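What the coordinates show
Listed below, chain by chain, are the residues.
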Amino acid sequence: MAPGVSNEKKTDDEQSSKENFIHLCNPHLEKMKEDILYHFALGTGTHDFPALFGDVKFVCVGGSPSRMKAFITYIAEELGLGSPGGDYPNICAGTDRYAMYKVGPVLSVSHGMGIPSISIMLHELIKLLYHAKCSNITIIRIGTSGGIGLEPGSVVITRQSVDATFKPQFEQVILGKTVIRSTNLDEQLAKELMQCSKEINQFNTVIGNTMCTLDFYEGQGRLDGAICLYNEEEKLQYLKEAYDSGVRNIEMESSVFAAMCNLSGVKAAVVCVTLLNRLEGDQISSSHDVLVEYQQRPQKLVGYFIKKSLGKV
C-alpha cells in the first residue's frame, strides 16, 4: 500500500478524533531504508522524527529565515511557552538553504523566494511530517505581496491562487509532459482566519484571489526592472483585468504551495500583507518601521488563529 492513510478499520473513538495523516503520493519512498532530507540537513537514519516533530499541529512558512525566527519568538510568547527573551535554535543549522524553528505544536520554516525554492522545501517538509507521524496538520504561508486596489498594509487571505493568466492552476513540466494541478485552498480555513481578523480588529483584511508569478519584475507588470518592453497603459490595463477577475494581491509562491498541500491532504492557507497598491506604483517606498509593522500583521492574525484553535483565547 502506498504511504498515506491506513485502510484498517477504525474504532468509534478513533473515528471521532478524525485524525488526518499526511498522504504521500510516492510509492517509491516505502522501499527506501533511509530518507535523507538534504536541504534540511535531516534524515530518518540520523534523527528521530516522531520524537522531534510528532506533536506538531501548525506549520507556518515564510520567505526569510529572520522573519520565521521572529514568528517563533512571537508565537512562543503568545502561547506562554519558553522563557521571555529565550532563544530558539535553528533545527536546520547544518545547512544554509532553509531555517526551521519549533516551539510546542508550532513549526516555523523559511522557504526562500519563488516557486522553485518553496517547492524544494515543501517536498522535504511534507516528508518530514509524514515520517514524524503527524496528524491534523494546518500549514499556513505568511508573507508579503503587492496589492491591487487595496491600501498598503491590508492583509489578503487567499481564496484561490491563480497564474498570470488568472487561471486557478499550477502548471509544471514533468518528464517532458505538462502537468496541471489545482490551486484551491481550504475554504473553511480561510473563513476561520477571516473571523479571527474581525475579532482582533486591527487592520483591513479581505479574502481574494492571489496571482502567483514566476518573477518580481516583468511577470508582475513592473516598469522598473532592467528589462521592460511594455508601457504604463498596458501595465495598468493588465492589473485592472487581474482585479476584475478577483485578484487582490500578487506574490511568487502560492500556486505550488496550494497544489502540493492539496495532493498531500493538508489543510492550507496563504495570508499575505500588501506592501503597496500596484495600481499606484511599482516601488516599495514606505519607511523601514512601517514595513516592519506591516510584516507583523500576518503573524498577528495567524498567531491569534493558533491561540484560538488551542483554546487559549
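Residues numbered from 1 in each chain as written. Predicted model: local features only at pLDDT ≥ 70, side-chain atom pairs only at ≥ 80, totals over all residues. Heavy atoms only, no water.

To keep things clear, this is the line we draw: UniProt positions are given in the numbering used here, feature names are shortened, and annotations may be inferred rather than shown by experiment.
Per an unreviewed UniProt entry, the chain goes by Uridine phosphorylase and derives from Otus sunia. The annotation that UniProt attaches to the chain under Sequence similarities (unreviewed entry) is "Belongs to the PNP/UDP phosphorylase family." The Pathway (unreviewed entry) comment attached to the chain in UniProt states, word for word, "Pyrimidine metabolism; UMP biosynthesis via salvage pathway; uracil from uridine (phosphorylase route): step 1/1."

**Section: the packing of aromatic side chains**
To be explicit about the condition: Aromatic pairing here means that ring centres of Phe, Tyr or Trp (its six-membered ring) are within 6.5 Å. Orientation follows from the plane angle: under 30 degrees is stacked, over 60 is edge-to-face, and everything else is tilted. Put simply, DSSP H or I for four residues or longer makes a helix, DSSP E for two residues or longer makes a strand, and each gets a number counted from the N terminus. When a residue's accessible area, from a 1.4 Å probe over protein chains only, is under 20% of the maximum for its type it is buried; when over 50% it is exposed; and in between it is partly exposed.
Applying the stated criterion across every chain yields a total of 5 aromatic pairs. Their ring planes at 90° and their centres at 6.2 Å tell us that F58 and F305 sit as a pair that is edge-to-face. Taken as a pair, F58 in strand β3 (residues 58-62) and F305 in helix α8 (residues 288-309) lie far apart in primary sequence, 247 residues in all. Comparing F58 with F305, the two get one shared label, buried. Both rings, one in F216 and one in Y217, keep their centres 5.0 Å apart while their planes meet at 80°; by these two values the pair is edge-to-face. Residue Y217 is classed as partly exposed on the basis of its relative accessible area of 36%.

**A closer look at helix α5 (residues 187-200)**
Put simply, the test is: Expected span, for any helix, means 1.5 Å times one less than how many residues it has. By construction, the arc corresponds to the directions joining the helix axis to the C-beta atoms. Whether two residues touch is decided by their heavy atoms; if any such pair falls within 4.5 Å, the residues are in contact.
Over its 14 residues, α5 runs 20 Å from end to end, which matches the ideal 20 Å to within 8%, given 1.5 Å per residue. All of the buried residues in α5 are L189, A190, L193, M194, C196, S197 and I200. Along the axis of α5, the buried residues cluster in a sector spanning 155°; they form a single face. In α5, the exposed positions that point more than 90 degrees away from the buried face belong to E187 and K198. Looking at the buried side of α5, the elements it contacts are β6 (138-147), β7 (155-162), β10 (205-212), β12 (267-277) and α8. Residue N201 follows α5 closely and has a positive phi angle near 50°.

**Some thoughts on the UniProt feature "binding site: phosphate" (unreviewed entry) in the chain**
Taking the numbering used here, the UniProt-annotated feature "binding site: phosphate" (unreviewed entry) corresponds to R97, R141, I142, G143 and T144. In this fold, G143 is placed in strand β6. Residue G143 is classed as buried on the basis of its relative accessible area of 4%. Ignoring anything within four residues of it in the chain, the contact list for G143 reads R67, V271, C272, V273 and P298.

**Considering the nonpolar core**
In plain terms, the rule: Take the buried residues of types Ala, Val, Leu, Ile, Met, Phe, Trp, Tyr and Cys, join any two whose side-chain atoms come within 4.5 Å, and each joined set is a nonpolar core.
Judged by nonpolar contacts, the single largest core of 41 residues is most densely connected at F40, V59, L125, L128, L129 and F257. Breaking this core down by element, the ones donating at least two residues are α2 (49-53), β3, β5 (106-110), α4 (115-131), α7 (254-263) and β12. In terms of residue count, the dominant contributor to this core is α4 (8 residues). In this structure L128 touches L37, F40, L42, F49, F53, M100 and L107, once residues within four positions along its chain are discounted.

**Brief notes about the environment of E171**
Looking at the secondary structure, you find E171 in strand β8 (residues 169-174). Classification of E171 as partly exposed rests on a relative accessible area of 48%. Distance in space between the C-alpha atoms of E171 and D282 is 27 Å, their sequence separation being 111 residues. Leaving out residues up to four positions away in the same chain, E171 has contacts with T178, V179 and I180.

**Quick notes on the pairing of strand β11 (residues 247-251)**
For the record, the criterion: Any two strands are treated as partners once DSSP identifies two or more bridges connecting them.
Taken across its 5 residues, β11 has 5 buried, putting it largely inside the fold. Alignment of β10 against β11, held across 4 bridges, turns out to be parallel. When the bridges of β11 are listed, T210 appears paired with N249.

**A look at the packing of helix α3 (residues 65-79) against α8**
Counted only if it meets this: Every axis corresponds to a line fitted to the C-alpha atoms, with the helix fit spanning only the stretch in contact, and the corresponding angles, defined between N-to-C directions, vary from 0 to 180 degrees. Should an angle fall under 35 degrees it is taken as roughly parallel, and over 145 as roughly antiparallel, whereas 65 to 115 is taken as roughly perpendicular and any remaining angle as oblique. Handedness of each helix crossing follows the sense of rotation of the near helix against the far helix: counterclockwise by less than a right angle gives left-handed, clockwise gives right-handed. Amino acids outside the nonpolar list (Ala, Val, Leu, Ile, Met, Phe, Trp, Tyr, Cys, Pro) and the charged list (Asp, Glu, Lys, Arg) are all regarded as polar, and Gly is one of them.
Look at α3 against α8: their axes get within 10 Å of each other, and the N-to-C directions meet at 40°. Taken together, α3 and α8 sit at an angle that is classed as oblique. Between α3 and α8 lies a crossing whose hand is right-handed. Contact with α3, carried on its side by R67, A70, F71, Y74, I75, E78 and L79, involves Q295, Q299, K300, V302, G303, I306 and K307 of α8 and no other residues of that element. Looking at side-chain class alone, the contact of α3 with α8 contains 7 nonpolar, 3 polar and 4 charged residues.

**Brief notes about the UniProt feature "domain: Nucleoside phosphorylase" (unreviewed entry) in the chain**
Taking the UniProt record as the reference, the feature "domain: Nucleoside phosphorylase" (unreviewed entry) is found at residues 57-306. Annotated as residues 57-306, this span is 35% helix and 27% strand, and its ends, taken at the C-alpha atoms, are 9 Å apart.

**Thoughts on a nonpolar patch on the surface**
For clarity, the threshold we go by: Residues enter patches when their relative accessible area tops 30% and they take part in no salt bridge; the joining distance is 9 Å for like charges and 5 Å for the nonpolar side chains Val, Leu, Ile, Met, Phe, Trp and Tyr. Using a 1.4 Å probe, accessible areas were evaluated by the Shrake-Rupley method; residue-level cover was limited to the displayed protein chains. For this document, the term salt bridge refers to a Lys or Arg side-chain nitrogen within 4 Å of an Asp or Glu carboxyl oxygen.
Taken together, the side chains of F216, Y217 and I284 present a nonpolar region at the surface, about 240 Å² in accessible area. Topologically, Y217 is positioned in the loop between β10 and α6 (232-244).

**A look at the confidence of the model for the chain**
Quick note on the threshold: For every residue, the pLDDT score states the predictor's confidence, bounded by 0 at the bottom and 100 at the top.
Averaged over every residue, the pLDDT of the chain is 94; residues scoring 70 or more account for 95%. Of the regions scoring below 50 in pLDDT, residues 1-16 engages in 19 contacts with residues more than four places distant in sequence or in other chains.

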